[in-house]
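# Observations on the three-dimensional arrangement
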Amino acid sequence: MTGELHRRHRAVLPDWLALYYRDPLELTHGEGRHVWDADGNRYLDFFGGILTTMTAHALPEVTKAVAEQAGRIIHSSTLYLNRPMVELAERIAQISGIPDARVFFTTSGTEANDTALLLATAYRRSNQILAMRNSYHGRSFSAVGVTGNRGWSPTALSPLQTLYVHGGVRTRGPYAHLDDAAFVQACVADLEDLLGHVRPPAALIAEPVQGVGGFTSPPDGLYAAFREVLQRRGVLWIADEVQTGWGRTGDHFWGWQAHAQNGPPDMVTFAKGIGNGMSVGGVVARAEIMNCLDANSISTFGGSPVTMAAGLANLTYLLEHDLQGNARRVGGLLAELLRAATAGLPGVREVRGRGLMIGVELVRPGTDEADPEAAAEVLEAARAGGLLIGKGGGHDTSVLRIAPPLSLTVAEAEEGAAILERALRSVR
Ligand code: PMP
């Protein structure tokens, strides 16, 4: 059945639209931390619908809010007042940590970053941007132009002039051998070297933990050290929280809070999970920056009352149920279980994680080379065992990515770790 759909997909959709699995999955429904495919197979979902199902599948609170709003009105225009949009903006401004914050809603992370780049370049009157090596910020012309991960940069053309900084990846690259303090120092020196003494760039855009890049994070405080240098030169700091926001990293509500010594970022972008699957994205920025545009700008679908209702219900749920605390506790346990399960297993370079954002990096046994074939095989074997996980990394995607819905239970963490251990052992 899915074979036939796969053939039709291939015939009519772009070749570059990546699909997981040799025999791709058609998901038909979900509940809690589980999803079912068109053949009736049930899977434990450790990839959260690629991090969009942040809280749980078919969360009744969100389903009800969406259905009620859809039954009232689905008009979608920022030309009219929109109560759910104002309410969600108020909540996000308040928890953003950004003083005098304004919020603009989009339909995706790409569009959120695009907007942040538009604001930064307009505000600073420069089209030069600093971005991190190995980063991913989306698929639009400008987002691709600040994406350091070569596997996700389908064009070398860009409307921006981008300079790529070291530091997003702690474990690889020329500074990997240094201890944390020396690593930070070397990355700051690299940044200062890039800045030189010429007219400064508009902004630095960075993911606090690189998502597509393989769940890699720098030592805590790196971006605070960058911030000090940037502030001296009037360069803005944009934190891309599309994967790291809303408590996913466990210890913090926002990923940037691991780098907060010199204050919050100037702008935060968000998307994916906040709508629990509905298309909610946006930018939160200091008013002075948000209001710097001197012509009208609207979004037809950004801030639709239906998606805003989903965002409000989801945010309320995750705060009331302390899902950040759950991510810290259950994520910590899951990382420990995976470390124990993979200890001594050839070709497992590292299990790393923050909250419910855990990466297992695979290499060819006895070497330090990425092993994308093994990662693909583990994905297949995990699926056969009833577990969905993701993969990422540099252009050789050899990091298994684990990011379940934030409501994951201890029993589900144990079950998933056991399935993943069997999958790894079957491939190694
Ligand atoms: N930023 C980051 C950090 C992301 O991981 C993604 C999506 N993988 C995006 C931006 C783009 O988001 P979207 O796919 O919603 O456009």
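Within every chain, residues take consecutive numbers counted from 1 along the sequence as written. Totals for whole chains, interfaces and linings use all residues, but because this is a predicted model, local features are given only for residues with pLDDT of at least 70 and pairs of side-chain atoms are given and counted only at 80 or more.

The test is simple: UniProt positions are given in the numbering used here, feature names are shortened, and annotations may be inferred rather than shown by experiment.
The protein chain is annotated in an unreviewed UniProt entry as alanine--glyoxylate transaminase of Streptomyces minutiscleroticus. Entered under Sequence similarities (unreviewed entry) in the UniProt record, the comment concerning the protein chain runs "Belongs to the class-III pyridoxal-phosphate-dependent aminotransferase family." Quoted straight from UniProt, the Cofactor (unreviewed entry) entry for the protein chain says "pyridoxal 5'-phosphate".

## Things to note about the site of the ligand
What counts here: The C-beta atom of each residue is placed using the backbone, and any residue whose C-beta lies within 6 Å of a molecule or strand is treated as near it. Helix and strand labels come from DSSP, where a helix needs a run of H or I of at least four residues and a strand needs a run of E of at least two; each type is numbered from the N terminus. Three classes are used, and their members are as follows: Ala, Val, Leu, Ile, Met, Phe, Trp, Tyr, Cys and Pro are nonpolar, Asp, Glu, Lys and Arg are charged, and the others, Gly among them, are polar.
Taken together, the neighbourhood of the ligand is formed by 15 residues, with Ser108, Gly109, Thr110, Gly138 and Val242 sitting nearest. The leading source of residues in the shell around the ligand is helix α5 (residues 109-124), at 3 residues. Here the residues of the shell around the ligand are counted per class, giving 4 nonpolar, 9 polar and 2 charged.

## Quick notes on the packing of helix α12 (residues 372-384) against helix α13 (residues 410-427)
Where we set the bar: All axes here are fitted lines through C-alpha atoms, helices being fitted over the stretch that makes contact, and every angle between N-to-C directions spans 0 to 180 degrees. These descriptions rest on fixed angle ranges, namely under 35 degrees for roughly parallel, over 145 for roughly antiparallel, 65 to 115 for roughly perpendicular, and the rest for oblique. Should the near helix be turned anticlockwise from the far one by less than a right angle, the crossing is left-handed, and should it be turned clockwise, the crossing is right-handed. In this description, a residue-residue contact is defined by the distance between C-beta atoms placed from the backbone, which must lie within 7 Å.
Orientation of α12 relative to α13, taken along the N-to-C sense of each, is 130°, at an axis distance of 8 Å. With respect to each other, α12 and α13 are oriented oblique. For the crossing formed where α12 meets α13, the hand is right-handed. Only Ile419, Leu420, Ala423, Leu424, Ser426 and Val427 of α13 make contact with α12, whose side of the interface consists of Ala374, Glu377, Val378, Ala381 and Ala382. Of the residues belonging to the contact of α12 with α13, the class tally is 9 nonpolar, 1 polar and 1 charged.

## Here we look at the sheet that holds strand β11 (residues 348-354)
So the rule is basically this: Here the rule is simple: two strands pair whenever DSSP picks up at least two bridges between them.
The 4 strands are arranged β11-β12-β15-β14 in an open sheet whose pairing can be described as antiparallel. Looking at which strands have only one partner, the edges of the open sheet turn out to be β11 and β14 (390-392). Within this sheet the neighbouring strands show an average axis-to-axis angle of 25°, counted without direction. Here β11 runs beside strand β12 (residues 357-362); their pairing, made up of 6 bridges, is antiparallel. Across the sheet, Arg352 pairs through a bridge with Gly359, a residue of β12.

## A look at the sheet that holds strand β3 (residues 42-45)
Taken together, 4 strands build an open sheet; the order of strands is β1-β2-β3-β13 and the sheet is mixed. Both edges of this open sheet fall to β1 (27-31) and β13 (387-388), since each of them pairs with a single strand only.

## A look at the nonpolar core
To keep things clear, this is the line we draw: For the purposes of this analysis, a nonpolar core is taken to be any set of buried Ala, Val, Leu, Ile, Met, Phe, Trp, Tyr and Cys residues that are connected through C-beta atoms within 7 Å. Here a residue counts as buried when 20 or more other C-beta atoms fall within 10 Å of its C-beta, as exposed when 12 or fewer do, and as partly exposed in between; the C-beta atoms come from the backbone.
Within the largest apolar cluster, 116 residues are counted, with the highest numbers of intra-cluster contacts made by Ala203, Leu204, Ile238, Met267 and Ile389. Ranked by residue count, the leading element in this core is helix α10 (residues 305-320), at 9 residues. Here Ile238 is in contact with Ala116, Ala120, Ala203, Leu204, Ile205, Pro265, Asp266, Met267 and Thr269, once residues within four sequence places are set aside.

## Side note on the environment of Asp179
When you line up the elements, Asp179 lands in the loop between β6 (161-165) and α7 (180-195). Using a count of 9 C-beta atoms within 10 Å as the deciding quantity, one classes Asp179 as exposed. Asp179 sits 40 residues away from Pro219 along the chain, and the two C-alpha atoms are 9.5 Å apart.

## Quick notes on unusual backbone geometry
The backbone phi angle of Phe215 is positive, close to 55°, even though this residue is not glycine. Mapped onto the elements of the fold, Phe215 is located in the loop between β7 (203-206) and α8 (222-233). The exposure class of Phe215 is buried, given the 26 C-beta atoms found within 10 Å. The phi dihedral of Lys272 falls on the positive side, at around 45°, and the residue is not glycine. Examined against the element boundaries, Lys272 turns out to sit in the loop between β9 (267-270) and β10 (281-286). Look at Lys272 and you get buried, because 29 C-beta atoms sit within 10 Å.

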